[in-house]
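So the chains spell out like this:
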Amino acid sequence: MNKDTGSNWKLGIFVIIGLILFVFTIYIVGKQQNLFGSTFQLKSKFKTVSGLKVGNNVRFSGINVGTIDEIELITDSSVVVVLKIEKGVQKFIKTDAIASIGSDGLMGDKVLTVSPGNSSSKIIKDNDFIASKSPVEMADLMSSLKKSIDNAGIITSQLAQFTYNMNNGNGTLSKLITDKEFANSLKNTLTNLEISSNEFAHFTAKMNNGNGVLSKLVSDKKLGVKLDSTMTNLESGTKRLNETIEAAKHNFLLRGYFNNKKKEEAKKREELKDENNLENK
């Protein structure tokens, strides 16, 4: 009799513990699936969901606020995801919010993240659609990584070829590194260039601050005015001299002299023309 009583007591404790665990499990699952609280739905359209499943978490500002309630394939390039979200979060989600698919850790389950809007102040309504951001596909990531590795291989090969040519080639840069005579010649050239630059700087300093004619011609306004006046007078004197010579040509005393000069010049031109014709023949 005592044995039966002890067995029943143990069985009762076991059943009670099982019921408690069952209720606790139902509570946890129900809380995750938002079975016991007030909720609302949002929808978003994706080209691909990248392994997202019904029941995966929905996050807003890093907090789990709901779950994926339904995933519906519309066309071969369009998938509608239905989100079940806690009602209390609705006032924080604006109409320009964006849904994106990510991972919970490096190798964890997929999660859908809702980013809050910035430009709109209008609160989202139940069953509204929000914009989506295409997830980064692993295949695209691996393809991009492969291209980067291939490019790195090409760059490494070209760098090896460049260093080989540097050590064994005859180019200017190779000679600069390996040929001492060429390096010394280049060094002397740079030294001479530096000396020339210093001399030119010294010359320009004298030009700006000296008392020479060239310096005054550049900086002295009075000398410039005098030089301009002298050139004007010289031009005027040359013009008057030409006029005097032209008048002398018409003077009866000197007319014969100028006529003879013209004849001699014409004769010389004819002789030069005849010589050119003979050379051409």
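Residues numbered from 1 in each chain as written. Predicted model: local features only at pLDDT ≥ 70, side-chain atom pairs only at ≥ 80, totals over all residues. Heavy atoms only, no water.

(A) Quick look at the overall build of the protein. Regarding its fold elements, the protein presents seven helices and seven strands. Each helix and strand of the protein, ordered N terminal to C terminal, gives the series α-β-β-β-β-β-β-β-α-α-α-α-α-α. By the burial criterion, 16% of the 281 residues in the protein qualify as buried. A fraction of 58% describes how many contacts in the protein between residues 6 or more apart in sequence connect residues 24 or more apart. (Helix = DSSP H or I, 4+ residues; strand = E, 2+ residues; numbered from the N terminus. Buried < 20%, exposed > 50% of the residue type's maximum accessible area, 1.4 Å probe, protein only. Contact = heavy atoms within 4.5 Å.)

(B) Focus on the sheet that holds strand E3 (residues 63-75). Taking strand neighbours around the barrel as the criterion, the seven strands line up as E1-E4-E3-E2-E6-E5-E7 in a closed arrangement whose pairing is mixed. For this sheet, the mean angle separating the axes of adjacent strands, direction not counted, is 40 degrees. Judged from the four bridges that link them, strand E2 (residues 57-60) and E3 form a sheet pairing that is antiparallel. Bridged to Phe60 within E3 is Ile63. (Pairing = 2+ DSSP bridges. Axes fitted to C-alpha atoms, helices over the stretch in contact; angles between N-to-C directions.)

(C) Region of interest: the nonpolar core. Val58, Val81, Leu83, Ile85, Ile93, Leu112 and Val114 are the most contacted members of the largest nonpolar core, which has 22 residues in total. Within the residue set of this core, elements represented by two or more residues are strand E1 (39-46), E2, E3, strand E4 (78-86), strand E5 (98-103) and strand E6 (110-115). Excluding residues that lie within four positions of it along the chain, Val81 makes contacts with Leu42, Lys43, Ser44, Phe46, Val49, Leu52, Ile68, Glu70, Ile71 and Leu112. (Core = buried A, V, L, I, M, F, W, Y, C linked by side-chain atoms within 4.5 Å.)

(D) Spotlight on the pattern of salt bridges. Considering all chains together, one arrives at two salt bridges under this definition. Among the ionic pairs, Asp69 bridges to Lys84, the shortest N-O distance being 3.6 Å. Here Asp69, found in strand E3, pairs with Lys84, found in strand E4; they are 15 residues apart in sequence, far enough to count as distant. On the basis of relative accessibility, which here comes to 30%, the residue Asp69 falls in the partly exposed class. In this structure Lys84 comes out as buried when scored by relative accessible area, which is 18%. (Salt bridge = Lys/Arg side-chain N within 4 Å of Asp/Glu carboxyl O.)

(E) Molecular detail of the pairing of E1. Here E1 shows one buried face, formed by Phe40, Leu42, Ser44 and Phe46, and one open face, formed by Thr39, Gln41, Lys43 and Lys45. Bridging between E1 and E4 involves eight bridges; their strand directions are antiparallel. Opposite Gln41, over in E4, you have Lys84 as the bridge partner. As paired strands, E1 and strand E7 (residues 128-133) are joined by three bridges and run parallel to one another. Bridge pairing in E7 places Leu42 opposite Asp128.

(F) Seen up close, the confidence of the model for the protein. Confidence in the prediction of the protein, expressed as mean pLDDT, is 77, and 72% of residues score 70 or more. Within the protein, helix H5 (residues 213-219) has the poorest average pLDDT of any element, 61, and E4 the best, 92. (pLDDT = per-residue confidence, 0-100.)

(G) Spatial organisation of the side chain of Gln90. Checked against the element boundaries, Gln90 lands in the loop between E4 and E5. Beyond its immediate stretch of four places on either side in the chain, Gln90 contacts Phe40, Ile123, Ile124, Lys125 and Asp126.

(H) How the structure looks around unusual backbone geometry. The residue Ser61 is not glycine, and still its phi comes out positive at about 55 degrees. Here Ser61 lies in the loop between E2 and E3. Phi is positive for Asn127, close to 70 degrees, though the residue is something other than glycine. With respect to the helices and strands, the residue Asn127 is situated in the loop between E6 and E7.

(I) A look at the pairing of E4. Of all the nine residues making up E4, eight are buried; the element is thus mostly covered by neighbouring parts of the structure. Linking E3 back to E4 in an antiparallel pair, the connection comprises two residues.

(J) Main features of the environment of Ala131. Looking at where Ala131 falls in the secondary structure, it is placed in strand E7. Along the sequence, Ala131 and Lys43 sit 88 residues apart, while their C-alpha atoms lie 8.9 Å from each other. Apart from the residues within four sequence positions on either side, Ala131 is in contact with Ser44, Ala97, Ile98 and Ala99.

(K) Examining the side chain of Lys94 more closely. By secondary structure assignment, the location of Lys94 is in the loop between E4 and E5. Here Lys94 sits buried without a salt bridge, and the closest side chain of opposite charge, Asp96, lies 7.4 Å off (N-O distance). Sequence-distant contacts of Lys94, defined by excluding residues within four places in its chain, comprise Gly117, Ser120, Ser121, Lys122, Ile123 and Ile124. (Lys, Arg positive; Asp, Glu negative; His and termini not counted.)

(L) Representation of the environment of Val54. Summarising the element assignment, Val54 is placed in the loop between E1 and E2. With 29 residues separating them along the chain, Val54 and Leu83 place their C-alpha atoms 9.4 Å apart. Excluding residues that lie within four positions of it along the chain, Val54 makes contacts with Ile68, Asp69, Glu70 and Ile71.

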